[in-house]
Amino acid sequence: MAAPDLPVLITIGVSHFANKARWALERCNIPFTEEVHVPGPHKAAAKAAGGRGSVPVLRLAAGGGAGGIDESTPIMRWADSQRAASGAGRDLPPLFPEVNAAEVERLCAAFDKKLGHPVRVWAYSFLLYTPAVTEAMVAAVPTFERIAMRCGGWLILRRLMWKGLKLTPENTDKSLQKIKLCFDEVGELLADGRPFLAGQHLTAADITFASLVAPALAIAYGTFRQAALTDSIPAAMREQVEELRRHPAGKFAVRMWETERAVKESQPAAARTVPTTAPASRI
């Protein structure tokens with residue numbers, strides 16, 4: 001397909017939900033481009049692409065309007081449906097296999113509910129005012145958004161995010177406990193020795209879990225740079241990150257990033273391309 005005809009993934013560079021969609025598209029070898037925005041302007045871009053105002057949204061046709069796929073899990077389903085026609089993707093196991101589709105859907109929904117917001121609250125309570133987030137927020141966004149952020153917009157946005165997410169010590173502690181509870185549930189699933197959460201192959205459930213816990217494990221994705229993220233972690237957060245990484249669920253998530261990620265998060269989002277081949281499942 002010519003570049004103007006490629007699907008366009010509308011994202012915020014630091015969104016862990018957007019990474020679910022990005023990972024699935026790349027895993028299935030679906031060519032696409034990415035349009036990154038800062039929080040606030042992302043709403044207009046998402047609606048123009050056919051969504052309701054949150055990201056990610058996948059715009060299927062040039063010019064937006066009809067044809068947009070809203071939210072990360074529906075985008076993953078669409079990518080899986082296109083997998084068989086994507087060259088190398090046809091040889092990969094499905095992300096939503098028919099044999100256990102209900103379990104995969106259940107896990108995806110559970111992780112969205114139990115991890116999405118708690119991880120966001122917990123991570124931002126430590127990182128919102130750090131160079132890593134400041135840098136990642138403006139990386140690859142349109143020029144006018146970057147200028148606005150550098151001319152005082154980021155100071156305003158940061159205060160609004162702090163208030164909107166209710167980043168109080170009490171809320172931060174509650175969020176960490178919710179993360180740990182979900183980790184224990186995942187650990188119980190993995191206790192029987194299974195290589196993946198829903199069977200013998202990578203599915204959407206594994207991508208969802210690994211994507212949503214990435215901020216809690218200090219794993220860079222999207223517009224984050226790993227070096228900047230590592231250097232920005234305060235001591236209190238580092239101790240908790242290391243504890244989560246030692247948990248069986250944390251070890252599993254790290255393994256998914258190290259062995260199953262089709263495209264390494266080393267390029268700016270705007271420059272990222274889809275590889276011609278993807279790694280086979282670890283079985």
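Residues numbered from 1 in each chain as written. Predicted model: local features only at pLDDT ≥ 70, side-chain atom pairs only at ≥ 80, totals over all residues. Heavy atoms only, no water.

- In the nomenclature of an unreviewed UniProt entry, the protein corresponds to GST N-terminal domain-containing protein from the organism Chlorella vulgaris.

## Some thoughts on the pattern of salt bridges
Inference 1: Taken as a whole and assessed by the stated rule, the structure comprises 14 salt bridges.
Inference 2: As a salt-bridge pair, Glu34 and Arg22 come within 2.7 Å of each other at their nearest N and O atoms. With Glu34 in strand 2 (residues 33-37) and Arg22 in helix 1 (residues 16-27), this residue pair connects regions lying twelve residues apart in the sequence.
Inference 3: Salt bridges linked by common partners bring Arg52, Asp70 and Glu71 together as one network. (Salt bridge = Lys/Arg side-chain N within 4 Å of Asp/Glu carboxyl O. Helix = DSSP H or I, 4+ residues; strand = E, 2+ residues; numbered from the N terminus.)

## Here we look at the side chain of Thr203
Inference 1: Considering the arrangement of structural elements, one finds Thr203 in the loop between helix 7 (169-190) and helix 8 (204-213).
Inference 2: Taking relative accessible area as the criterion, Thr203 reaches 2% and is therefore assigned buried. (Buried < 20%, exposed > 50% of the residue type's maximum accessible area, 1.4 Å probe, protein only.)

## Description of the environment of Asp192
Inference 1: In this structure, Asp192 sits in the loop between helix 7 and helix 8.
Inference 2: On the basis of relative accessibility, which here comes to 53%, the residue Asp192 falls in the exposed class.
Inference 3: Only 2.9 Å separates the side chain of Asp192 from the side chain of Arg194, close enough to count as a polar contact. (Polar contact = N/O pair within 3.5 Å; in protein donor to acceptor, adjacent residues only side chain to side chain.)

## Topic: helix 1
Inference 1: The first and last C-alpha atoms of helix 1 sit 16 Å apart over twelve residues, in line with the 16 Å expected at 1.5 Å per residue.
Inference 2: Two or three places before Phe17, at the opening of helix 1, Ser15 has a side-chain oxygen 3.3 Å from that residue's backbone nitrogen.
Inference 3: Following helix 1 by one or two positions, Asn29 adopts a phi angle in the positive range, close to 60°. (Expected span 1.5 Å × (residues − 1).)

## Points about the packing of helix 1 against helix 8
Inference 1: Running from amino to carboxyl end, helix 1 crosses helix 8 at an angle of 140°, the nearest separation of the two axes being 8 Å. One finds that helix 1 runs oblique with respect to helix 8. Relative to helix 8, helix 1 is oriented so that their crossing is right-handed. Of the residues in helix 8, those touching helix 1 at His16, Phe17, Asn19, Lys20, Trp23 and Ala24 are Ile207, Thr208, Ala210, Ser211 and Leu212.
Inference 2: For the contact of helix 1 with helix 8, the residue count by class is six nonpolar, four polar and one charged. (Axes fitted to C-alpha atoms, helices over the stretch in contact; angles between N-to-C directions. Parallel < 35°, antiparallel > 145°, perpendicular 65-115°, else oblique. Left-handed = near helix turned anticlockwise from the far one by under 90°. Contact = heavy atoms within 4.5 Å. Nonpolar A, V, L, I, M, F, W, Y, C, P; charged D, E, K, R; others polar.)

## Some words on the sheet that holds strand 3 (residues 57-59)
Inference 1: If you walk across this open sheet you meet the four strands as 2-1-3-4, and the pairing is mixed. In this open sheet, the two strands that pair with only one neighbour each are strand 2 and strand 4 (68-70). Across the sheet, the mean angle from the axis of one strand to that of its neighbour is 20°, orientation sign disregarded.
Inference 2: Looking at chain direction, strand 3 and strand 4 are connected through three bridges and run antiparallel. (Pairing = 2+ DSSP bridges.)

## Notes on the packing of aromatic side chains
Inference 1: By the definition in use, this model includes seven aromatic pairs.
Inference 2: With a centroid separation of 5.8 Å and an interplanar angle of 70°, the aromatic rings of Tyr129 and Trp162 are classed as edge-to-face. Linking Tyr129 in the loop between helix 4 (101-127) and helix 5 (131-138) with Trp162 in helix 6 (residues 143-164), this pair joins segments that are 33 residues apart in sequence.
Inference 3: Owing to a relative accessible area of 33%, Trp162 belongs among the partly exposed residues under this scheme.
Inference 4: Between Phe183 and Phe209, the ring centres sit 5.7 Å apart and the planes meet at 55°, which makes this aromatic pair tilted. Highlighted residues: Phe183 in helix 7 and Phe209 in helix 8, separated in sequence by 26 residues. With respect to burial, Phe183 and Phe209 carry one shared label: buried.
Inference 5: Joined through ring pairs, the aromatic side chains of Phe111, Phe183, Phe209 and Phe252 make up one cluster. (Phe/Tyr/Trp six-rings, centres within 6.5 Å; stacked < 30°, edge-to-face > 60°.)

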